[in-house]
Amino acid sequence: MSDIRDDVRAGFNELFGYEPAGMWSAPGRVNLIGEHTDYNLGFVLPFAINRRTVIALGLREDRVARVASSFADEVVEIDLAELSPAHLHGWAAYPLGVAWAMGERGADLAAVPGFDIFIESDVPVGAGLSSSAAIESAVAIALNDVWHLRLDRPTLAGIGQLAENEAVGAPTGIMDQSASLLGRPDSAVFLDCRSLESDIIDLGFVPAGLVLLIIDTGVSHSHATGGYAERRASCELGARMLGVGSLRDVTVDDLPRARGILDDVTFRRVRHVVTENQRVLDTVRTLRESGPAAIGELLDASHLSMRNDFEISIPELDLAVETAQANGAIGARMTGGGFGGAAIALIRQDDLSRLQVAIDGAFAEHGFRQPDTFVVVPARGASREI
Ligand code: ADP
Ligand code: MG
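Quick caveat, the model's predicted, so the values are computed rather than measured.

### Focus: the packing of helix α2 (residues 93–104) against helix α4 (residues 153–168)
Here's step 1: Contact geometry of α2 with α4 gives a least axis separation of 8 Å together with a crossing angle of 115 degrees. Note that α2 runs across α4; the crossing there is right-handed. Within the contact between the two elements, α2 uses Ala93, Tyr94, Gly97, Val98, Trp100, Ala101, Met102 and Glu104 and α4 uses Leu156, Ile159, Leu162, Ala163, Glu164, Glu166, Ala167 and Val168.
Here's step 2: Tallied by class, the residues present in the contact of α2 with α4 amount to 12 nonpolar, 1 polar and 3 charged.

In structure tokens form, the structure reads like this:
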């Protein structure tokens, strides 16, 4: 952590030639359970992880905004008066989209000063750990501070989502930003995506001797195109055909009726969302009553539902999950939007190295690229660093 902060300060100084006004950071997140439920106004249970995006920000005397990242070679510059989704492209649409979205949610962009931002991150990009929300959330809390906006964290999450939806053009839900902004150490964020009420749920991994392993397949996904938007459209179609505003209003008991109304594909998409919502509620209850060692079956069932009903898994993710289950994991599932990215395995610390060896062996045997495996720890949400 301190290494990244030193790098960010040095990077900022070198590029912009002055000391930043401050540094802010926000974590990536992993979703423990509740996949493709957020935009259906259901339940999710992500946690913030010990991988962070750190930014240094300096205020300017003019109205220019400049952003740079160790991730990219260019410095992107825009006048605040010109900020609009149509003028934002590529990676800079994430940080500058947040500045634009703040104007949409209450900031008077005509009255605020310009800024320079330098970004550095150890959140892996495109691994389903939401490097996008980490960057949005870090910029959101920074601008909220330096522009004296006093917006609360749920509002900042909405600003990150608006930036991602409109400036980046990815139709994602509110989960990632909420986890990044609301996370606490050793805890998950139980979020009701309709009311936006959240509860901090103790995960208790350490006392139970458990760790959460990420198995990053290295297969990249893209939210802006393809399957994600298609699944979203299926869910909207299903809700419309069932006469409800969103799939939040469909319960497990309604599924027999839904089967008679919907075509097979739409029915299975709906069944995933409806049963996944129930699994999130069951996971929260199980964590509270029995602790993390008891949630394995729910994780396993979530994966099967994504593989068979929602059809967003890929052979690499299935192999990661099956290998984990066969090598001591308490539970395992793919996580994130699907079509690539990572799987998670909840496993006893003592069984971890055996599983890592097994994963490497299984991927080699199938001729798949070696996955990156690493443990993530539930960590604090976005915060000012200096
Ligand atoms: P993820 O699952 O990691 O959120 P996304 O496709 O949603 O994947 O977001 C990844 C994109 O976010 C990158 O392609 C890049 O445009 C932007 N991004 C993430 N981290 C950084 C960074 N440190 N600097 C600049 N842009 C970043
Ligand atoms: Mg993302």
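Moving on from the coordinates now.
### What about the packing of aromatic side chains?
Two descriptors summarise a pair of aromatic rings, namely the distance from one centre to the other and the angle between the planes of the rings.
Here's step 1: One pass over the full model with this rule turns up 7 aromatic pairs.
Here's step 2: Between Phe47 and Phe205, the ring centres sit 6.1 Å apart and the planes meet at 75 degrees, which makes this aromatic pair edge-to-face. With Phe47 in strand β2 (residues 43–59) and Phe205 in the loop between β7 (198–202) and β8 (210–216), the pair connects residues that are 158 residues apart, well separated along the chain. For the pair Phe47 and Phe205, a shared accessibility class is recorded, and that class is buried.
Here's step 3: Here Phe363 and Phe368 contribute two aromatic rings whose centre-to-centre distance is 5.9 Å and whose plane-to-plane angle is 65 degrees, an arrangement assigned as edge-to-face.
Here's step 4: Overall, the relative accessible area of 0% leaves Phe363 in the buried class.

### Examining the sheet that holds strand β11 (residues 372–376)
Here's step 1: Taken in spatial order, the 4 strands make up an open sheet running β9-β10-β8-β11, and their pairing is antiparallel. Edge strands, defined here as strands with exactly one partner in the open sheet, are β9 (331–334) and β11. Strand after strand, the sheet turns through a mean of 20 degrees between neighbouring axes, direction not considered.
Here's step 2: Relative to β11, β8 runs antiparallel, the two being bridged by 5 bridges. Across the sheet, residue Leu212 finds its bridge partner in β11, namely Val376.

What counts, and where the lines are drawn
- Residues numbered from 1 in each chain as written.
- Chains lettered and ligands numbered in written order.
- Predicted model: local features only at pLDDT ≥ 70, side-chain atom pairs only at ≥ 80, totals over all residues.
- Heavy atoms only, no water.
- Axes fitted to C-alpha atoms, helices over the stretch in contact; angles between N-to-C directions.
- Helix = DSSP H or I, 4+ residues; strand = E, 2+ residues; numbered from the N terminus.
- Left-handed = near helix turned anticlockwise from the far one by under 90°.
- Contact = heavy atoms within 4.5 Å.
- Nonpolar A, V, L, I, M, F, W, Y, C, P; charged D, E, K, R; others polar.
- Phe/Tyr/Trp six-rings, centres within 6.5 Å; stacked < 30°, edge-to-face > 60°.
- Buried < 20%, exposed > 50% of the residue type's maximum accessible area, 1.4 Å probe, protein only.
- Pairing = 2+ DSSP bridges.

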